[in-house]
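Residue-level structure breakdown
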Amino acid sequence: MTLDPVLGSLVKQLPEPATEIEDPERYRMEKRKLFDQLSARFMETGPPVAEVRLVRLPVADGEIALRVYRPAGPGPRPIHLYLHGGAWISGSVFERSTEVCCRERAAGAGQVVVAVNYRKAPENRFPTGLEDCYAALVWAAEHAADIGGRADSISVGGVSAGANLAAAVSAKARDEGGPRIRLQILEVPATDLAGYFESHRLFGEGFALSSTTMSLAKSAYVASLEQRSHPLASPLRATDFSGLPRTHVMTAEYDILRDEGLAYAERLSEAGVEVSHTLGRGHVHMSMMLTAVLPAARQWRAEVLDVLSR
């Protein structure tokens, strides 16, 4: 399938990727301004929910914010831990795009959604962000009754870097006897920070997420080349995939991360994990967010909600 004309035009309007980050906070502010503008133009408004609660969670050497979205109607409801994207450097639970996604999952799938504002690189390198997400998982399980959720029905999902963290959280929970995760939904996931794939060559420039940005992100998130092969930084490099939760992987046809997402689904299947995979034809990285202008994005969202509901 050819690249959607709407996406082709939009990609040409994106600014040149940064090659270094001199001021991380300023970088994040500029990214947030850009993505809030884009989401206001190209993303549908999130549906109403019964409650949005802000929680401050103490973590090692600091504190993180959680936003809890509770759907209307009686509970308790399944809990969905949502991890936003942003190349481990930017992104926030307070961005418009994150809020819309959480509202959609709460209202559309009847879930209590817990969005995690994990700490960002380069100030907080691997595994700090992962540890924050895991702490949020434990908190959600322990406080399920307080938020109208079910501790026996927890799923985790994320987009891009958030999907990388989601896969790592699932593995960590399995290995450390943490809360049981029933499902992981991984959208355009980064699964191998040390490998090279054909999609890296094909779509490294001109398709929303560039090889330049990925190089910057990897260097910021992981302190050393050796650490990039750590299975919690690169879930594809694990030696044991057994016992992981049911998984739904969604990749985009014109995405630099396409092949490593598919490879992760294949490794899960080989290990006997219940896994499904769909390829978003005509999509680039993150184009699934453009629900106001792209029918294929609305189809993508419907698939996520269907899998989450089941």
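Because the structure is a prediction, the values reported are computed rather than measured.

What follows deals with the overall build of the chain. When you go through the chain residue by residue, the secondary structure sums to nine helices and eight strands. For 310 residues, the compact-globule estimate of 2.2 N^0.38 gives 19 Å, and the chain sits close to it at 18 Å. Dimensions of the chain along its principal axes, counting C-alpha atoms only, are 45 × 40 × 40 Å. Looking at the chain as a whole, 57% of its 310 residues qualify as buried. For the chain, long-range pairs separated by at least 24 residues make up 80% of all intrachain contacts whose partners lie at least 6 apart in sequence. With the model as given, the accessible surface of the chain reaches about 12900 Å², and the carbon-plus-sulfur share is 50%. Taking the average place of the 34 positive charges on the side chains of the chain and the average place of its 38 negative ones, the gap between the two points comes to 4 Å.

This paragraph deals with the nonpolar core. Judged by nonpolar contacts, the single largest core of 67 residues is most densely connected at L66, W88, V116, Y221 and Y264. Discounting residues that sit within four places of it in the chain, V116 has contacts with I64, A65, L66, L81, Y82, L83, H84, V93, D132, C133 and A136.

Let us now look at the sheet that holds strand β3 (residues 77–83). Strand order across the open sheet formed by eight strands is β1-β2-β4-β3-β5-β6-β7-β8, with mixed pairing between neighbours. Either end of the sheet is taken by a strand with one partner, and the two such strands are β1 (51–59) and β8 (275–284). In this sheet, neighbouring strand axes are inclined to one another by 20 degrees on average, regardless of whether the strands run parallel or antiparallel. One ladder, built from five bridges, connects strand β6 (residues 181–187) with strand β7 (residues 246–254); its direction is parallel.

Moving on to unusual backbone geometry. In this structure, P76 follows G75 across a cis peptide bond, with omega equal to 0 degrees. Within the fold, P76 resides in the loop between β2 (62–70) and β3. P127 follows F126 through a cis peptide bond whose omega is 10 degrees. Look at D61: it is not a glycine, yet its phi comes out positive at around 65 degrees. Note that D61 resides in the loop between β1 and β2. For D61, a relative accessible area of 82% puts it in the exposed group. In this model, W88 sits at a positive phi of 65 degrees, which is unusual for a non-glycine residue. Relative to the helices and strands, W88 is located in the loop between β3 and α3 (96–109).

Before going further, it helps to examine the pattern of salt bridges. The tally for this structure, following the rule as stated, stands at 21 salt bridges. Notably, a salt bridge pairs E51 with R53, separated by 3.5 Å at the nearest N-O pair. For E104, the salt bridge is made with R301, and the minimal N-O distance between the two is 3.0 Å. With a gap of 197 residues between them, E104 in helix α3 and R301 in helix α9 (residues 295–309) connect regions that are remote in the sequence. Exposure class is identical for E104 and R301. Each is buried. Salt bridges here are not isolated pairs; linked through shared partners, they connect E25, R28 and E123.

Let's shift gears to the pairing of β7. Of all nine residues that make up β7, eight are buried, and the element is covered over most of its length. In the sheet, β7 pairs with β8 via seven bridges, with the strands oriented parallel. Looking across to β8, one finds that M250 is bridged to T278. After leaving β7, the chain enters helix α8 (residues 258–270) and then returns to the sheet as β8, a path that is right-handed.

Conventions we followed
- Residues numbered from 1 in each chain as written.
- Predicted model: local features only at pLDDT ≥ 70, side-chain atom pairs only at ≥ 80, totals over all residues.
- Heavy atoms only, no water.
- Helix = DSSP H or I, 4+ residues; strand = E, 2+ residues; numbered from the N terminus.
- Rg over C-alpha atoms; globule rule 2.2 N^0.38 Å.
- Buried < 20%, exposed > 50% of the residue type's maximum accessible area, 1.4 Å probe, protein only.
- Contact = heavy atoms within 4.5 Å.
- Areas by Shrake-Rupley, 256 points an atom, 1.4 Å probe, with all protein chains shown as cover.
- Lys, Arg positive; Asp, Glu negative; His and termini not counted.
- Charge placed at Lys NZ, Arg CZ, Asp CG, Glu CD.
- Core = buried A, V, L, I, M, F, W, Y, C linked by side-chain atoms within 4.5 Å.
- Pairing = 2+ DSSP bridges.
- Axes fitted to C-alpha atoms, helices over the stretch in contact; angles between N-to-C directions.
- Salt bridge = Lys/Arg side-chain N within 4 Å of Asp/Glu carboxyl O.
- Right-handed = clockwise from strand over helix to strand, strands pointing away.

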